[in-house]
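Breakdown of the fold
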Number of protein chains: 2
Amino acid sequence: MAPTLKDVAAHVGVHPSTVSRVLRGKENVKISEKTHDKILKAVKELNYIPDFTARALRMKKSFTIGLIVPDILNPYFARIARRIEQLGFNKKYTVIVCNTDEDHDKELLFLNQLISRGVDGIILAPVQDSKDHIVDLIEKKIPLVLIDRVFENLKVNAVITNNADSVMKAVSHLVKLGHKRIAFLRGQKHIYTIKNRLDGYYKALKKFNLQKNKNYVVGEGFEFEDGYEATLKLLKLPKLPTAIVSSGGDLVTLGAIKAIMENGLSIPEDISLIAFFDSLYSPYLATPLTTISHFRKRIGEEAFNLLLKQIESKRKSPIKTICVDTKFEIRNSTAKPKNKK
Amino acid sequence: MAPTLKDVAAHVGVHPSTVSRVLRGKENVKISEKTHDKILKAVKELNYIPDFTARALRMKKSFTIGLIVPDILNPYFARIARRIEQLGFNKKYTVIVCNTDEDHDKELLFLNQLISRGVDGIILAPVQDSKDHIVDLIEKKIPLVLIDRVFENLKVNAVITNNADSVMKAVSHLVKLGHKRIAFLRGQKHIYTIKNRLDGYYKALKKFNLQKNKNYVVGEGFEFEDGYEATLKLLKLPKLPTAIVSSGGDLVTLGAIKAIMENGLSIPEDISLIAFFDSLYSPYLATPLTTISHFRKRIGEEAFNLLLKQIESKRKSPIKTICVDTKFEIRNSTAKPKNKK
DNA sequence: CTGTTAGCGCATTCAT
DNA sequence: ATGAATGCGCTAACAG
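Residues numbered from 1 in each chain as written. Chains lettered and ligands numbered in written order. Predicted model: local features only at pLDDT ≥ 70, side-chain atom pairs only at ≥ 80, totals over all residues. Heavy atoms only, no water.

Near DNA strand D, the surroundings consist of 26 residues, among which Leu5(A), Tyr48(A), Arg58(A), Thr18(B) and Arg58(B) are the closest. A breakdown of the atoms of DNA strand D within 4 Å of the protein gives sugar and phosphate a share of 69%. Between DNA strand D and Leu5(A), the relevant distance is 2.4 Å, taken from a phosphate oxygen to a main-chain nitrogen or oxygen of the residue. Arg21(B) has a polar side-chain atom sitting 2.8 Å from a base nitrogen of DNA strand D. (Near = heavy atom within 4 Å. Polar contact = N/O pair within 3.5 Å; in protein donor to acceptor, adjacent residues only side chain to side chain.)

Looking now at the interface of chain B and chain A. Contacts between the two partners involve 54 residues from chain B, matched on the other side by 53 residues from chain A. Approximately 4,500 Å² of surface area, both sides summed, lies buried where chain B meets chain A, with 63% of it carried by carbon and sulfur atoms. Per-residue buried area on chain B facing chain A is highest for Arg117(B), Tyr281(B) and Tyr284(B); these three make up 19% of the total on that side. At the boundary of chain B with chain A, the tally comes to four salt bridges. With its nearest N and O atoms 2.8 Å apart, the salt bridge here joins Asp71(A) to Arg82(B). Counting across the chain B and chain A interface gives 24 residue pairs in polar contact (both at pLDDT 80 or more). The set of elements that each furnish at least two residues to the side of chain B that touches chain A consists of helix 4 (52–59), helix 5 (75–90), strand 2 (94–99), helix 6 (104–116) and helix 11 (250–262) of chain B. Within the side of chain B that touches chain A, the residues separate by chemical class into 32 nonpolar, 10 polar and 12 charged. (Contact = heavy atoms within 4.5 Å. Buried area = accessible area lost by both parts, 1.4 Å probe. Salt bridge = Lys/Arg side-chain N within 4 Å of Asp/Glu carboxyl O. Helix = DSSP H or I, 4+ residues; strand = E, 2+ residues; numbered from the N terminus. Nonpolar A, V, L, I, M, F, W, Y, C, P; charged D, E, K, R; others polar.)

By definition, the strands of a sheet pair up through backbone hydrogen bonds, in either a parallel or an antiparallel sense. Residues and elements named next belong to chain A. The strand order across the open sheet formed by six strands is 2-1-3-4-5-11, and the pairing between neighbours is parallel. Strands at the two margins of the open sheet, each flanked by one partner only, are strand 2 (94–99) and strand 11 (321–324). With direction set aside, neighbouring strand axes in the sheet form an average angle of 20°. The sheet contact formed by strand 1 (residues 64–69) and strand 3 (residues 121–124) spans four bridges and is parallel. Paired with Ile68 across the strands is Leu124, a residue of strand 3. (Pairing = 2+ DSSP bridges. Axes fitted to C-alpha atoms, helices over the stretch in contact; angles between N-to-C directions.)

Now for the protein's contact with DNA strand C. Surrounding DNA strand C, one finds 26 residues, the nearest of these being His15(A), Arg58(A), Leu5(B), Tyr48(B) and Arg58(B). Within 4 Å of the protein, the atoms of DNA strand C are drawn from sugar and phosphate moieties in a proportion of 64%. Thr35(A) places a polar side-chain atom, nitrogen or oxygen, 3.0 Å from a phosphate oxygen of DNA strand C. Across the surface near DNA strand C, the residue classes tally to nine nonpolar, eight polar and nine charged.

This part takes up the sheet that holds strand 3 (residues 121–124) of chain B. Residues and elements named next belong to chain B. The strand order across the open sheet built from six strands is 2-1-3-4-5-11, with neighbouring strands paired in parallel fashion. A single partner strand is all that each edge strand has here, and the edge strands are strand 2 and strand 11 (321–324). Averaged over all adjacent pairs, the angle separating strand axes in this sheet is 15°, with direction ignored. When strand 4 (residues 144–147) meets strand 5 (residues 158–161), the two strands line up parallel, connected through two bridges. Bridged to Ile147 within strand 5 is Val159.

Now for the environment of Tyr284(B). Looking at the secondary structure, you find Tyr284(B) in the loop between strand 9 (272–276) and strand 10 (290–294). The residues contacting Tyr284(B), other than those within four sequence positions of it, are Phe224(A), Leu254(A), Ile257(A), Lys258(A), Met261(A), Leu285(A) and Ala286(A).

What describes two packed helices is the angle between their axes and the distance between those same axes. Residues and elements named next belong to chain B. Contact pair helix 2 (residues 16–24) / helix 3 (residues 33–46): the axes reach a minimum separation of 10 Å and the direction vectors enclose 85°. One element, helix 2, and the other, helix 3, form an angle in the roughly perpendicular class. In this structure, helix 2 uses Thr18, Val19, Val22 and Leu23 to contact helix 3, whose residues at the interface are His36, Ile39, Leu40 and Val43. Here the residues of the contact of helix 2 with helix 3 are counted per class, giving six nonpolar, two polar and no charged. (Parallel < 35°, antiparallel > 145°, perpendicular 65-115°, else oblique.)

Considered as a void within the structure, the second largest pocket measures approximately 2,000 Å³ in volume. Lining the second largest pocket are 50 residues, and of these Val119(A), Lys140(A), Ile142(A), Met1(B) and Ala2(B) lie nearest its centre. Broken down by secondary-structure element, the contributors of at least two residues to the lining of the second largest pocket are helix 4 (52–59), helix 6 (104–116) and helix 12 (296–312) of chain A together with helix 2 and helix 4 of chain B. Taken together, the residues of the lining of the second largest pocket break down into 23 nonpolar, 12 polar and 15 charged. (1 Å grid on protein atoms, 1.4 Å probe; cavity = no way out; pocket = protein on both sides within 12 Å on 5 of 7 lines; lining within 4 Å. Points joined across faces, edges and corners; volume = space filled by probe spheres on them.)

Let us look at the relation of the copies chain B and chain A. One copy of the chain maps onto the second through a rotation about an axis and a displacement along it. Of the two same-sequence chains, chain B is brought onto chain A (RMSD 0.1 Å, axial shift 0.0 Å) by a rotation of 180°. On the angle and the small slide along the axis, the relation comes out as a two-fold axis. A shared binding surface is used by both copies, with 98% of the interface residues of chain B retained as interface residues in chain A. (Least-squares fit on C-alpha atoms with pLDDT ≥ 70 in both.)

The next thing to look at is the nonpolar core. Residues Tyr201(A), Leu285(A), Tyr201(B) and Leu285(B) are the most contacted members of the largest nonpolar core, which totals 88 residues. For Leu285(B), the residues in contact, after removing those within four places along its chain, are Tyr281(A), Tyr284(A), Leu285(A), Ala286(A), Ile257(B) and Phe277(B). Membership of the second largest hydrophobic core comes to 46 residues, among which are Ile115(A), Tyr192(A), Ile49(B) and Tyr192(B). (Core = buried A, V, L, I, M, F, W, Y, C linked by side-chain atoms within 4.5 Å. Buried < 20%, exposed > 50% of the residue type's maximum accessible area, 1.4 Å probe, protein only.)

Scanning the model with the defined rule gives zero disulfides over all chains in all. We note that Cys98(A) lacks a disulfide partner, and the nearest cysteine sulfur, in Cys98(B), lies 14 Å from it. A relative accessible area of 3% places Cys98(A) in the buried class. (Disulfide = S-S within 2.5 Å.)

This part takes up unusual backbone geometry. All names here are of chain A. Following Ile267, the chain continues to Pro268 via a peptide bond in cis, the omega torsion being 0°. Relative to the helices and strands, Pro268 is located in the loop between helix 11 (250–262) and strand 9 (272–276). The phi dihedral of Glu102 falls on the positive side, at around 60°, and the residue is not glycine. Inspection of the secondary structure assignment puts Glu102 in the loop between strand 2 and helix 6. Taking relative accessible area as the criterion, Glu102 reaches 16% and is therefore assigned buried.

This next bit is on the pattern of salt bridges. For the structure on display, the rule yields 26 salt bridges over all chains. Among the salt bridges present, the one from Glu302(B) reaches Arg298(B), with a minimum N-O distance of 3.1 Å. Here Glu302(B) and its partner Arg298(B) are both found in helix 12 (residues 296–312), four residues apart, which amounts to about one turn of the helix. Residue class for Arg298(B) comes out partly exposed when judged on its relative accessible area of 38%. By sharing partners, the salt bridges in this structure join Asp71(A), Asp101(A), Lys106(A) and Arg82(B) into a single network.

In structure tokens form, the structure reads like this:
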């Protein structure tokens, strides 16, 4: 059996609470250097490791935070998660990462699991099928920060992105190149980010006086296959778009590229492509991608700090929504449209 | 405050232990249907969530496993981790993922942290600076599975890859194409996988009667920059290699590609490239890569099952090393060498 | 400066 | 079929 405080105490001939005090250091209590040293020596000898579980039970504080994201394989969330773990590590917090696969039931399960484990706070990129459980969470006063996605009419700490503006910038770039038929490759419809990106798209169409075409808005998910299928649909249209804005992230975009290549079309000669894309690979793709990307480390930092402030402040700190800009990088996947009649 | 067993019991007018029994179900104890139903109803009403921390303390079982990898941003480990989490979820285990950044001290810290948290088992891709702490772990009888990297003369459960053979296959492919000057882009020297890959490289040279050239073996790490710098070195050589085998994984390989492109060379016209590469992007790169890739899900599964068997078997199960093959996929980054004198 | 006591929430043994 | 009692390992309030 692993040695306990009691074992250490017995070994030194002192009371367990004394050992506890020495080990925790703090407390405005002086302890004779002699026993102090003896205890530390015994700890080394017995190779004592404190039991976090017992400590968490007693203190009602687990030094654990939960991070719930759709999928850690997505480079966007991966980088954010990594940063949060890093910062957590520095502050002695362990992070438990949960993947929902955009499944609302899983989100619920994970949430309960995390609460059951007594996490000190939760960072959540919610599946947005409903928000009741989030309201519950707030009522339970569990420190919470949403990332990427928020709900209207729900006051909660959050770190988000200026999605609409980002798309405006992208479309604007395409329009300047001369594009008029610009398609929008969507991710899952009801997700906050996607809604906002679509809004940005519509606003841009309006601003530049372009015709709205229902068939130019496609896509229903965040997976490779979703991007592939949706783009195929686009490519079967009688009037092909001359440009695509891919808003579903890395995987969707790769799917789109596959579909385009398989149809014997080239980027950007036949079709321009701008994508929300976060992996490092964009410069090395067949056609280096013009991208909208996130400052993912920054997002992770803001989220973690926001959460930590809530956890550590006795009274509730004011609710904040932090918006992190995107980065627009022009590479080779965008060009003037072909001059065909 | 969150309701406890006691609260539920009081609400029903019954003893806490009875509630506990009902909630856990098992036990060869019958409970009258009436109280049973009353209790379940109260649980719903009070929205009782059991306290895992308390349970873990009492049962000395946390339903948690630790996964320590160098870096979850590496697609190789990301996919493995994801699979382990998935399987864990099915079996009610929570997974705590830790990233060492190939830092031995961090590995030690994480290991202690996990033990302190009372994990039921650990899956570890060790930084291989020493193995003492691993021996400790085994002595503590904490269920353990190594992945990717093992130590000589250390009996421990592990899931590894046939690294040497994979490289043999790769070099063999290059030789058949006519290459004679084949360089080896290494990752960190002292890592098991890398050693084995290098062995495979040397064996292949011998087999095909090619000259060993010390300058053709470069590279010291697993990061993008490592690959970039090392490849630059290669490209400064008076006699350029006509092919490179990149054994350091995705990032290193991207770094190599960048270096090659920046030097105005083309793949595969000027230089062929085979890489250990696990991300989905390989077909869409500027030159679709000929790759050696892993069955990552499979590796995750084997590791998890091996660990679970240890955790759940009362007596220690026999120690096993499982070797998972790699997949060799020929794409466009390998071709005949240029016919220059 | 250190010992005593109590209890976090739960599972479990022993009663009844 | 259920209640009572005990303690997992630790921290914290109170003594002295």
